[in-house]
Amino acid sequence: DSGVTQTPKHLITATGQRVTLRCSPRSGDLSVYWYQQSLDQGLQFLIQYYNGEERAKGNILERFSAQQFPDLHSELNLSSLELGDSALYFCASSAARGADEKLFFGSGTQLSVL
Amino acid sequence: DAKTTQPTSMDCAEGRAANLPCNHSTISGNEYVYWYRQIHSQGPQYIIHGLKNNETNEMASLIITEDRKSSTLILPHATLRDTAVYYCIVRGNYGQNFVFGPGTRLSVLP
């Protein structure tokens, strides 16, 4: 158990819908990362937050957004869903920055868009 | 883009050492080598990381060549539970993200 909690574990929805994925980082971790893993793309970095502020952006679509709240939990919002958005979405958290930064991943949310 | 090159797949006999190579010929002086693994569809798991010295922990050993252009992750006594995709990542000291390539699919055979 990494200490990172993601909910829900599974999500089935239809095209055009909007969903919210939630991540609770390990106690004390200030950084939260979001990754998307699909069969043909591997693990793709989406976005990173540090203590409530957006720190870095990767291959995140404009239909996707995220935020980190004062209690440090984070939410990833996916809207106008398409079939291609079906994937595993992982959240990771870390405490330290720089050389000693280690990511601890949650167990993921499996999103299926039908 | 990932800065590392790894074999697509490898096999290892149970109980033997698994040696997973990684090439990172364009590594910069302040970039670290990290190893993660992903078992089936679970979240990736941190294994070990290092800068230029060899490192060892309870999970594995990391051997980095003197020119730092390649490294080897060693699982000393592989078990069936070590079957996973192993990712070698090069990352700078600060501000860079963890970029996962396709990794090496290690199969530990009984």
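Our subject is the structure listed above.
Now for a quick tour of the structure. (Residues numbered from 1 in each chain as written. Chains lettered and ligands numbered in written order. Predicted model: local features only at pLDDT ≥ 70, side-chain atom pairs only at ≥ 80, totals over all residues. Heavy atoms only, no water.)

A few words on the packing of aromatic side chains. Applying the stated criterion across every chain, the model contains 14 aromatic pairs over all chains. Ring geometry for Phe90 of chain A against Phe105 of chain A: centres 6.4 Å apart, planes inclined by 85 degrees, an arrangement best described as edge-to-face. Remark: Phe105 of chain A occurs in strand β10 (residues 104-105) and Phe90 of chain A occurs in strand β9 (residues 87-94); sequence separation between them is 15 residues. As far as the burial class goes, Phe90 of chain A and Phe105 of chain A line up, both buried. Ring centres of Tyr87 of chain B and Phe100 of chain B lie 5.2 Å apart, and the angle between their planes is 85 degrees; on these two criteria the pair is classed as edge-to-face. With Tyr87 of chain B in strand β8 (residues 84-91) and Phe100 of chain B in the loop between β8 and β9 (104-109), the pair connects residues that are 13 residues apart, well separated along the chain. For the pair formed by Tyr87 of chain B and Phe100 of chain B, the shared burial category is buried. In this structure an aromatic cluster arises from ring pairing among Tyr33, Tyr35, Phe45, Phe90 and Phe105 of chain A together with Tyr34, Tyr36, Tyr46, Tyr87, Phe98 and Phe100 of chain B. Looking at Arg26 of chain A, its charged tip hangs above the ring of Phe104 of chain A, at a distance of 3.7 Å from the centre. (Phe/Tyr/Trp six-rings, centres within 6.5 Å; stacked < 30°, edge-to-face > 60°. Helix = DSSP H or I, 4+ residues; strand = E, 2+ residues; numbered from the N terminus. Buried < 20%, exposed > 50% of the residue type's maximum accessible area, 1.4 Å probe, protein only. Lys NZ or Arg CZ within 6 Å of the ring centre and 35° of its normal.)

A separate point is unusual backbone geometry. All names here are of chain A. Residue Pro8 is bonded to the preceding Thr7 through a cis peptide linkage, with omega at -10 degrees. Considering the arrangement of structural elements, one finds Pro8 in the loop between β1 (5-7) and β2 (10-13). If you check the backbone angles, Leu72 has positive phi at about 80 degrees while not being a glycine. Of note, Leu72 is situated in the loop between β7 (64-68) and β8 (74-78). Even without glycine at this site, Ser80 takes up a positive phi of about 45 degrees.

Below, the discussion takes up the layout of surface pockets. Taken as a whole, the largest pocket encloses approximately 670 Å³ of empty space. For the largest pocket, the lining is made up of 28 residues, of which Gln37 of chain A together with Gln38, Val85, Tyr87 and Arg105 of chain B are closest to its centre. Residue assignment for the lining of the largest pocket shows that the elements contributing at least two residues are β4 (31-38), β5 (42-50) and β9 of chain A together with β8 and β9 of chain B. Residue composition of the lining of the largest pocket, grouped by class: 11 nonpolar, 16 polar and one charged. Of the pockets and cavities examined, the second largest pocket occupies roughly 460 Å³. (1 Å grid on protein atoms, 1.4 Å probe; cavity = no way out; pocket = protein on both sides within 12 Å on 5 of 7 lines; lining within 4 Å. Points joined across faces, edges and corners; volume = space filled by probe spheres on them. Nonpolar A, V, L, I, M, F, W, Y, C, P; charged D, E, K, R; others polar.)

A few words now on the pairing of β8 of chain B. Residues and elements named next belong to chain B. Taking burial as the measure, the eight residues of β8 include eight buried ones, the bulk of the element. Burial of β8 is two-sided: the residues Ala84, Tyr86, Cys88 and Val90 facing one way and the residues Val85, Tyr87, Ile89 and Arg91 facing the other way are all buried. Pairing of strand β3 (residues 32-38) with β8 involves seven bridges; the strand directions are antiparallel. Bridging from a neighbouring strand, Gln38 pairs with Val85 of β8. Looking at chain direction, β8 and β9 are connected through three bridges and run antiparallel. For Tyr86, the partnering residue across the bridge sits in β9 and is Thr104. (Pairing = 2+ DSSP bridges.)

Below, the discussion takes up the sheet that holds strand β2 (residues 18-23) of chain B. Residues and elements named next belong to chain B. Taken in spatial order, the four strands of this open sheet run β2-β7-β6-β5, and their pairing is antiparallel. The open sheet is flanked by β2 and β5 (55-56), the only strands paired with a single partner. By the bridge criterion, two bridges tie β5 to strand β6 (residues 61-64) in an arrangement that is antiparallel. Note on β6: the bridge partner recorded for Thr56 is Ser61.

In this structure the tally under the stated criterion is two disulfides over all chains. The side chain of Cys23 of chain A participates in a disulfide bridge whose partner is Cys91 of chain A; the two sulfur atoms lie 1.7 Å from each other. The S-S bond linking Cys23 of chain A to Cys91 of chain A shows a torsion near -45 degrees; that makes this disulfide left-handed. With Cys23 of chain A in strand β3 (residues 19-24) and Cys91 of chain A in strand β9, this pair connects stretches of sequence that are 68 residues apart. Here Cys23 of chain A matches Cys91 of chain A in class, with each residue buried. The disulfide partner of Cys22 of chain B is Cys88 of chain B, and the S-S distance across this bridge is 2.1 Å. Taking the sign of the S-S torsion, -85 degrees for the link of Cys22 of chain B and Cys88 of chain B, the bridge is left-handed. Within this pair, whereas Cys22 of chain B is found in strand β2, its partner Cys88 of chain B is found in strand β8, the two being separated by 66 residues in sequence. Like Cys88 of chain B, Cys22 of chain B is buried. (Disulfide = S-S within 2.5 Å.)

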